Amino acid sequence: MTDAPVNTITAPAQSARTQKLQARLRTRYARETRFKWYGRAAIAFALTFLVVLLASIVMQGRTAFYSHSFTLPVYMDPAQIDATYPQGANFELIVAQQQLRRLGEQDDADGTKAAQMRALFSSEIKFKAAERLTRQPSLLGQTVTMTAPMSDIADLYLKGKIDRSIPQDQRQVSNQQMDWLDQMKESGSVRAHFSSALFTKGDSTQPELAGVLGAVVGSALMLMVTALIAIPVGVAAAVWLEEYSPRNRITAIIEVNINNLAAVPSIVYGLLGLALFINWMHLPRASPLVGGLVLALMALPTVIIATRSSLKAVPPSIREAALAMGASRTQTVFGHVLPLAMPGVMTGAIIALAHALGETAPLLLIGMISFVPGVPHAINEPVGALPSLIYIWENASERAFHERTAAAILVLLAFMIVMNAAAILLRRRFERRW
């Protein structure tokens, strides 16, 4: 009989080895715990900055969603209004003089007080009064109740953004004008209400009359052109590259260039659009057609890359099964592979469109920085867009435009949130499991 092997490792040695292993495990677990906390801290840091950013935008833009208007009786004085041409009457001065008399004030010989009172009312009053007299000439010589917006400086004071403690020579509203506004507010002639003009009107040189409707319609028209071009062309290019193209040097060069185009700065696409679509093809400047074409060029690489990734994610067994059942290559791709990849394709397309919606630099180079009042009705008319409108308003000299800038940013963010939510819903709606 042979003797059993003798264990040469002593108990103290085993204990030391066990202690080293346990120490290593504790170090490993400590590193893992620290890594988790680093990740949580990074997320908390990013969320904090996001909350601060959104809070600052909301705090600055919330006052743009309500405004002040006045409702006053206006005597249509035949001595100051020409019945044959009411548009030529100075209704702003008429309203100012009558309001001075109601407040017990007498105008100066040089008309200083009337000019100060007139500065509190928006010029919208003259258009409303002239339109009303044109429709009903019988109102001449009668007293008519008129409602119109307050001017931008009066609106800012009523919102508490102009402080009386600031020296009078450093603010746009004088002490006398502040007293008049307080009296009008106490009498009920001035009231605050939801600013529907912000959503129902286009751009204007007067802040109290400026709205985002023209820019929203312009952005929607541009996205329509972008989608009609970028999505079909991008999906077709991705299908050819992934399913039909031979694997050779030319294909490799094309793939590398597509990946590089996705990283090209957007202003380069603006220069390309300026040279190609405006200077060479002579398409209408600052139109949704040109803007959509430029944004389509910018969105194409993203759509192609997202579509190729979705096609690669389809299991090869799907292709093999279809081919084994006698389907052709085209039937396999368009009848089985592409429908299964469609959720990813749509998600990539909507994300590309959302990214294009927020671009500003390409639009500035093709002329969308210019002032365009009203709302466009065709893709070849000059138009603004939300990003360019935000840029224009932020650089405006009138202080009231700054709160509207923040409101336009909130509208743009809401637009993007809706598009991303649509991407998520479409993905869930068409997603298939295998």
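That block above? That's the structure.
Parameters at a glance
Residues numbered from 1 in each chain as written. Predicted model: local features only at pLDDT ≥ 70, side-chain atom pairs only at ≥ 80, totals over all residues. Heavy atoms only, no water. Helix = DSSP H or I, 4+ residues; strand = E, 2+ residues; numbered from the N terminus. Rg over C-alpha atoms; globule rule 2.2 N^0.38 Å. Buried < 20%, exposed > 50% of the residue type's maximum accessible area, 1.4 Å probe, protein only. Contact = heavy atoms within 4.5 Å. Areas by Shrake-Rupley, 256 points an atom, 1.4 Å probe, with all protein chains shown as cover. Axes fitted to C-alpha atoms, helices over the stretch in contact; angles between N-to-C directions. Left-handed = near helix turned anticlockwise from the far one by under 90°. Nonpolar A, V, L, I, M, F, W, Y, C, P; charged D, E, K, R; others polar. Phe/Tyr/Trp six-rings, centres within 6.5 Å; stacked < 30°, edge-to-face > 60°. Lys NZ or Arg CZ within 6 Å of the ring centre and 35° of its normal. Salt bridge = Lys/Arg side-chain N within 4 Å of Asp/Glu carboxyl O. Pairing = 2+ DSSP bridges. Expected span 1.5 Å × (residues − 1). Polar contact = N/O pair within 3.5 Å; in protein donor to acceptor, adjacent residues only side chain to side chain.

## Observations concerning the overall build of the chain
Check the secondary structure of the chain and you find 16 helices and three strands. Taking 2.2 N^0.38 as the reference for a compact globule, 434 residues should give roughly 22 Å; the C-alpha atoms of the chain span a radius of gyration of 33 Å, well beyond that estimate. Its C-alpha atoms put the chain at 135 × 70 × 35 Å along the principal axes. Burial statistics for the chain: of 434 residues in total, 41% are counted as buried. Considering only intrachain contacts with a sequence separation of at least 6, the fraction spanning at least 24 residues in the chain is 75%. For the chain, the computed accessible surface area is about 23900 Å², with 62% contributed by carbon and sulfur atoms.

## Concerning the packing of helix α12 (residues 316-324) against helix α13 (residues 329-357)
In contact at an axis separation of 10 Å, α12 and α13 are set at 145 degrees when each is read in the N-to-C sense. The way α12 lies across α13 gives a crossing that is right-handed. Every residue of α13 that contacts α12 at I318, R319, A322 and L323 is listed here: R329, T332, H336, V337 and L340. Its residues assigned to classes, the contact of α12 with α13 comprises five nonpolar, two polar and two charged.

## Structural notes on the packing of aromatic side chains
This model, assessed by the stated rule, comprises five aromatic pairs. Judged by centre distance (4.5 Å) and plane angle (45 degrees), the rings of F70 and F121 are tilted. Of this pair, F70 sits in strand β1 (residues 66-75) while F121 sits in the loop between α3 (112-118) and α4 (124-135), and the two are 51 residues apart along the sequence. On the accessibility criterion, F70 (0% relative accessible area) is buried. Take F121: its relative accessible area is 4%, and that puts it in the buried class. Put simply, the rings of F65, F194 and F199 touch in pairs and so form one group of aromatic residues. Directly above the aromatic system of W37 lies the positively charged group of R40, at a separation of 4.8 Å from the ring centroid. Its end group placed over the ring of Y66, K159 keeps NZ or CZ at 5.1 Å from the ring centre.

## Quick notes on the pattern of salt bridges
With the rule as written, the count across this model stands at 14 salt bridges. Notably, a salt bridge pairs E403 with K161, separated by 3.1 Å at the nearest N-O pair. You can see E403 sitting in helix α16 (residues 400-430) and its partner K161 sitting in the loop between α5 (152-158) and α6 (175-187), a full 242 residues away along the chain. Residue E243 pairs with R319 through a salt bridge whose shortest N-O separation is 2.8 Å.

## Some remarks on the pairing of β1
Here β1 runs beside strand β3 (residues 190-194); their pairing, made up of five bridges, is antiparallel. Looking at β3, one finds that H68 is bridged to A192.

## Observations concerning the side chain of T307
The residue T307 is located in helix α11 (residues 288-313) in this model. Non-local contacts of T307, meaning those with residues more than four positions away in its chain, are made with V235, A238 and V345.

## Quick notes on the sheet that holds β1
Strands sit in the order β2-β1-β3 across an open sheet of three strands; the sheet is antiparallel. Since the sheet does not close on itself, it has two edges, and those belong to β2 (143-149) and β3, each with one partner. For this sheet, the mean inter-axis angle between neighbouring strands, taken without regard to orientation, is 30 degrees. Of the strand pairs in this sheet, β1 and β2 are connected by seven bridges, and their pairing is antiparallel. By the bridge assignment, V74 is partnered in β2 with V144.

## A closer look at helix α9 (residues 249-261)
Over its 13 residues, α9 extends 18 Å from the first C-alpha to the last, a length consistent with the 18 Å expected when each residue adds 1.5 Å. For α9, the N-terminal cap is N248; the gap from its side-chain oxygen to the backbone nitrogen of I250 is 3.3 Å.

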